[in-house]
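# Remarks on the overall topology
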Amino acid sequence: MKDDAEYKEFYEGMVEKGLIIPTGVKGTFGRGKLFEEVVQCFNDLVTRIAENDNADVCFFPPVIDRKIMEKVHYLETFPHLCGSVHSFFGSERDARQLAEEAEKGGKWGDLLEQTDVVLSPAACYPVYPTLTGTVPADGRLVTVFNWVYRHEPSDEPTRLQSFRMREFIRIGTPEQVVPWRDMWLQRGLDILHSLKLPATSDVASDPFFGRGGKMRSISQRDQKFKFEVLIPVISTTEPTAVCSFNYHHNHFGTAFDIFTEDGQIAHTACMGFGMERVAMALFKTHGLDHSKWPAEVRDLLWPNT
Ligand code: ATP
Ligand code: ZN
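Everything quoted here is computed from the prediction, not taken from an experiment.

Conventions adopted
- Residues numbered from 1 in each chain as written.
- Chains lettered and ligands numbered in written order.
- Predicted model: local features only at pLDDT ≥ 70, side-chain atom pairs only at ≥ 80, totals over all residues.
- Heavy atoms only, no water.
- Near = heavy atom within 4 Å.
- Polar contact = N/O pair within 3.5 Å; in protein donor to acceptor, adjacent residues only side chain to side chain.
- Helix = DSSP H or I, 4+ residues; strand = E, 2+ residues; numbered from the N terminus.
- Domains from an automatic or database assignment.
- Buried area = accessible area lost by both parts, 1.4 Å probe.
- Salt bridge = Lys/Arg side-chain N within 4 Å of Asp/Glu carboxyl O.
- Core = buried A, V, L, I, M, F, W, Y, C linked by side-chain atoms within 4.5 Å.
- Buried < 20%, exposed > 50% of the residue type's maximum accessible area, 1.4 Å probe, protein only.
- Contact = heavy atoms within 4.5 Å.

Let us now look at the site of ligand 1. Among the 20 residues in the neighbourhood of ligand 1, the closest are listed as R150, E152, K226, S244 and N246. Within the backbone of A241, an N or O atom sits 2.9 Å from an oxygen atom of ligand 1. In the model, an oxygen atom of ligand 1 is placed 3.4 Å from a nitrogen or oxygen of the G274 main chain. Broken down by secondary-structure element, the contributors of at least two residues to the shell around ligand 1 are β9 (162-172), β12 (240-249) and β14 (267-274).

In structure tokens form, the structure reads like this:
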């Protein structure tokens, strides 16, 4: 069971220390200087550890072509999480109506229309459409760091609507992709253990929508398509997933016509650290005062001090 009182105390402690800044909207808090520094230091540590993998480094905006969401059937599997960008396309008269509705706190969203973009629900999504065609014989490896949006408002400090993921994405044959995913599962655990975090791994599933979604989750677990690394942050009995390791089979390869050299549909896998969750796991485990963190942990996160 999650202990509301325990996570409220943790949340309030982080606010008091200026680590996070409440905004009044669930799951959208601001980040103070030290919280952000921990996120960046952890990101740098991951970069150092994966340096010799020579991943292609890409940066994308936090919005993606809405066709990506359509092509991967996101609205069939996760309609409850999606965030779509709408804007105003009307006349001056419509604009006056819009402003009046907004003024009185009415349903002004009804007067907007869909744009070409949606908020990216996972950092890896913009990568796949750039790979249409044939990948080289040894496949591709890409890394991204980006904001993502998921509509899951919650009072739990670890369940955000807007957060960041550091992801690595592997594209190639199943023989290239699956062992790579398994290598990262062990490496992810090793990184978190080196930071003295009580991390464990487990098979996992995505929160697919509806009754059909339950079947999808069961099948995903049975096939061991998803693993997570978990650390107790807001509950000792229900630890929080701080990173995930996903094998997508040929889902993205099919959606975006990505092929391997022998003409087969490419398979893909991704691994992603939830950056705010990693930072909160560090603050929960080692305390809100980072000057008192174990020396080994500080040396890894701040190697130049
Ligand atoms: P896929 O590409 O298959 O959609 P993914 O790796 O891109 O998967 P998830 O596995 O759903 O995405 O999430 C990756 C990580 O992001 C999780 O392990 C977790 O640490 C973090 N995360 C997920 N949801 C939230 C949330 N609501 N708030 C904060 N962090 C989250
Ligand atoms: Zn991903």
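What follows concerns the domain arrangement of the protein chain. Many authors give the size of an interface as the accessible area that is lost as the parts come together. Taken domain by domain, the protein chain holds domain 1 (4-83 + 121-301) and domain 2 (85-118). A C-alpha centroid distance of 34 Å is found between domain 1 and domain 2. Each partner contributes to the roughly 570 Å² buried at the junction of domain 1 and domain 2, and carbon and sulfur atoms together form 56% of this total. Joining domain 1 to domain 2, the criterion identifies zero salt bridges. Taken together, the links from domain 1 to domain 2 amount to three residue pairs in polar contact (both at pLDDT 80 or more). When residues of the side of domain 1 that touches domain 2 are assigned to their parent elements, the largest contribution, three residues, is made by strand β4 (residues 63-65).

The next thing to look at is the nonpolar core. Counting 84 residues, the largest nonpolar core has F42, Y125, W184, L192, F273 and L301 as its most contacted members. If one sorts the elements of this core by residue count, helix α2 (residues 33-49) sits on top with eight residues. In this structure, W184 is in contact with V46, A50, D53, F168, I191, F245, M271 and F273, ignoring residues within four places of it in sequence.

Quick look at the pattern of salt bridges now. The full count for this structure, using the stated rule, is 16 salt bridges. Close ionic contact of E6 with K284 constitutes a salt bridge, the shortest N to O distance being 3.3 Å. In this pair, E6 sits in helix α1 (residues 4-16) while K284 sits in helix α9 (residues 275-286), placing the two residues 278 residues apart along the sequence. The class of E6 is partly exposed, set by a relative accessible area of 26%. Owing to a relative accessible area of 29%, K284 belongs among the partly exposed residues under this scheme. Across the pair E101 and K104 runs a salt bridge whose closest N-O atoms are separated by 3.2 Å. Look at E101 and you get buried, because its relative accessible area is 19%. In this structure K104 comes out as exposed when scored by relative accessible area, which is 61%. Here the salt bridges do not stand alone but share partners, grouping R31, E36, R164 and E276 into one network.

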